[in-house]
Every structure is written in structure tokens, then in C-alpha cells.
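# Coordinate inspection notes
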Amino acid sequence: MLIDFHTHSNASDGALPPVELVRRAKGLGLQALAITDHDTLAGWREASKTPVEGITLVPGVELSCRWGGATIHVVGLGVDGDNPRLAALLLQLDRLRRDRAAKIAAKLDKLGMPGAIEGAQLLAGDGPICRPHFAHWLVSQGYVETVGKAFDKWLGDGKPGDSKTQWPQLDESVSAITAAGGVATLAHPLKYRFTRSKLRALCSDFTTAGGSGIEIVNGRQSTVDITNLKRLSQEMGLAVSVGSDFHRDWVYGAELGVDTDIAGGLPTVWEMLL
Ligand code: AMP
Ligand code: MN
Ligand code: MN
Ligand code: MN
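Heads up: these notes are all about the structure in this document. (Residues numbered from 1 in each chain as written. Chains lettered and ligands numbered in written order. Predicted model: local features only at pLDDT ≥ 70, side-chain atom pairs only at ≥ 80, totals over all residues. Heavy atoms only, no water.)

Examined against the element boundaries, leucine 122 turns out to sit in helix H4 (residues 116–124). The exposure class assigned to leucine 122 is exposed, which follows from its relative accessible area of 74%. Expressed as a C-alpha distance, the spacing of leucine 122 and arginine 248, which sit 126 residues apart in the sequence, is 18 Å. (Helix = DSSP H or I, 4+ residues; strand = E, 2+ residues; numbered from the N terminus. Buried < 20%, exposed > 50% of the residue type's maximum accessible area, 1.4 Å probe, protein only.)

Take the coordination of the manganese ion (ligand 4) next. Coordination of the manganese ion (ligand 4) by the protein is provided by His6 (NE2), His8 (NE2), Glu62 (OE) and Asp245 (OD), with metal-donor distances spanning 2.1 to 2.3 Å. In primary-sequence terms, the residues that donate to the manganese ion (ligand 4) follow H-x1-H-x53-E-x182-D. Separating the manganese ion (ligand 4) and the manganese ion (ligand 2) is a distance of 4.6 Å. Remark: glutamate 62 occurs in strand S3 (residues 56–67) and histidine 6 occurs in the loop between strand S1 (2–4) and helix H1 (18–27); sequence separation between them is 56 residues. Each member of the pair histidine 6 and glutamate 62 is classed as buried. (Donors = N, O, S within 2.8 Å, 3.2 Å for Na, K, Ca; no water.)

So, on to the packing of aromatic side chains. Overall, the coordinates contain 3 aromatic pairs when judged by the stated rule. Aromatic pair tryptophan 67 and phenylalanine 194: ring centres 5.8 Å apart, planes at 45°, arrangement tilted. Taken together, the residues tryptophan 67 in strand S3 and phenylalanine 194 in the loop between strand S5 (183–186) and helix H8 (196–208) connect sequence positions 127 residues apart. Accessibility classification places tryptophan 67 together with phenylalanine 194 in one group, the buried group. Look at tyrosine 192 and phenylalanine 194: their rings are 5.7 Å apart centre to centre, the planes differ by 35°, and that puts the pair in the tilted class. For the pair shown, tyrosine 192 and phenylalanine 194 are each scored as buried. Of the aromatic side chains, those joined through ring pairs into one cluster are Trp67, Tyr192 and Phe194. (Phe/Tyr/Trp six-rings, centres within 6.5 Å; stacked < 30°, edge-to-face > 60°.)

Turning our eyes to something else, we now look at helix H9 (residues 223–236). Taking 1.5 Å of rise per residue, 14 residues should cover 20 Å, and H9 covers 20 Å from first to last C-alpha, within 8% of that figure. Along H9, the residues classified as buried are Ile226, Leu229, Leu232, Ser233 and Met236. With its buried residues spanning 120° around the axis, H9 presents them on a single face. Pointing more than 90 degrees away from the buried face of H9 are the exposed residues Thr223, Val224 and Gln234. Tucked into the core, H9 has its buried residues touching H8, strand S6 (213–218) and strand S7 (239–243). Backbone geometry just downstream of H9 places glycine 237 in the positive-phi region, at approximately 70°. (Expected span 1.5 Å × (residues − 1). Arc of directions from axis to C-beta. Contact = heavy atoms within 4.5 Å.)

Spelled out as C-alpha cells, the structure:
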């Protein structure tokens, strides 16, 4: 079975409108899809208005969280979109993203690149402003050649246009997901570039907070990485999840869909959700 539990629509920093994302998934033979936009349920909400036959749409969101000094992403799957506690957290995240966007734009302005907030806002539409919106704007203005270079030069962590944000604490975000009846899943564990012991400490705090899943596949990963993550999931007692982290149709990202056989008999989040 092909599924995908980590994807982005244009409700955050993805390129496709939510319904087109579902249609693409259906066309590729997926049986289940979670739209997990950054800090908003709007992608799932929009897609759920136009049901596509033959594919299960799972409500999802990817929350920006703080753990120590690091930014961690937690995917909430199967959440109740009407839950007031989750709604309050998403409102807080919306304000944090607005404040951060203004700060990033002010920095870029001082660096001789005025008009970034208008540019990023135009690309973000009604949704939250994410760093890729600034990156695409920087490319469109000819300040950098590629989105990757925009991160390397200006927007990446610790770069001149970056603004550190006090995202909500990990445990707070995990418990908002579980309070909304959802399954909290640790996103892309290897992207944090933690040591093994630090990654274990994160998983331990995540589990204590009520987290129950971990991504063993996030986009393009080596078989060695997948094997190591499967082992970690077993050690920490976490169910496995899989996703492409699809954003747009470009050469560097992964296409939608992961074969569930990759779980190899381990407990999975899709057994909890489908
Ligand atoms: P934000 O949550 O607003 O800080 O934006 C984070 C998003 O930026 C991630 O979800 C990725 O989609 C994107 N991103 C992060 N680093 C890079 C990079 N080096 N190149 C391209 N996109 C990136
Ligand atoms: Mn993203
Ligand atoms: Mn992420
Ligand atoms: Mn993502």
C-alpha cells in the first residue's frame, strides 16, 4: 500500500492547492494522504471540502516547537480540527510567525533588500509566512540564484536574515495534539543533526509528553538511515510513520507516496489511524 503522512500544500510553503495535492496522490495510487502544513490545518480543511473517491484524507499539521535551544517539528495526525486547545496553539503560532516575518523583513531591509514583507506575503497568500516564501522572493528579485542559496546566504539558522523564534515548548505542542485526539509523530529525526544520545533524549522527552510516532522515512533517505531509524523506533517504543515531505514538483524533493512495506512488521501510526 502507498501512503503519505507528511506533505505540504500552498496553505503553507507547498506549491499545490490542497485539492490538487489530493488528486496528484490519488493519481499516483496512494490509498491515504495527510496534508501536514506548517502550523495550520487550513490545507487539510480546504481539501476535506472536496472529497476525492478512493483515497483517505487524514487531518494533519506540522507544528514548530522548541526543545532546549533547538527547533523541532512534530506532525499531528488524525486531530480533531475543532479542538479549542489545538486552535489556541495554532493562533499563538500564527502570531509568532507574523512577528518573525516582520523581523526577517526588517533585517533584509537593513541589508539592502527592501520590500520583503510584501513579497513574502504575496507568495504566502492567506497562510503563514514561511522562510521559503522569503527565499522565493529573494530569487524573484535576483538577489540570489536559487532557493537553496537564499538559505545558505541569508535565511538559514544563524544567517544574517534569520530571526530566532520562541516556538511553543515541545511538550505543550505534543499534548495539544493528543488533547485533540491526534497521534503526535516526531518529524524528520535526522534533520536536527543531533548526536545519537541527544536524539534519544529528544525521543524520551517526546514520549513522556505523549508522543507516539516517529518518521522512519522523510523524503529521500538512504537505506542505512531508514534501518537506524527503525532501530531507534524499537528502542524508544515509538510507532513508525512515513512521508515524502513533498512541497513542490522539483528535482531535489521526493515525489508523493511511500510503500508501507518499509515498516517490516513494526507497529505503525497508520494502523492507529486508518
Ligand atoms: P520555517 O518553518 O518558516 O522556518 O521554514 C522551514 C521550511 O523551510 C522547511 O519546512 C523547508 O521547507 C524549508 N527549508 C529549510 N531549509 C531549507 C534549505 N536549506 N533549502 C530549501 N528549503 C529549506
Ligand atoms: Mn516546509
Ligand atoms: Mn519540517
Ligand atoms: Mn514538512
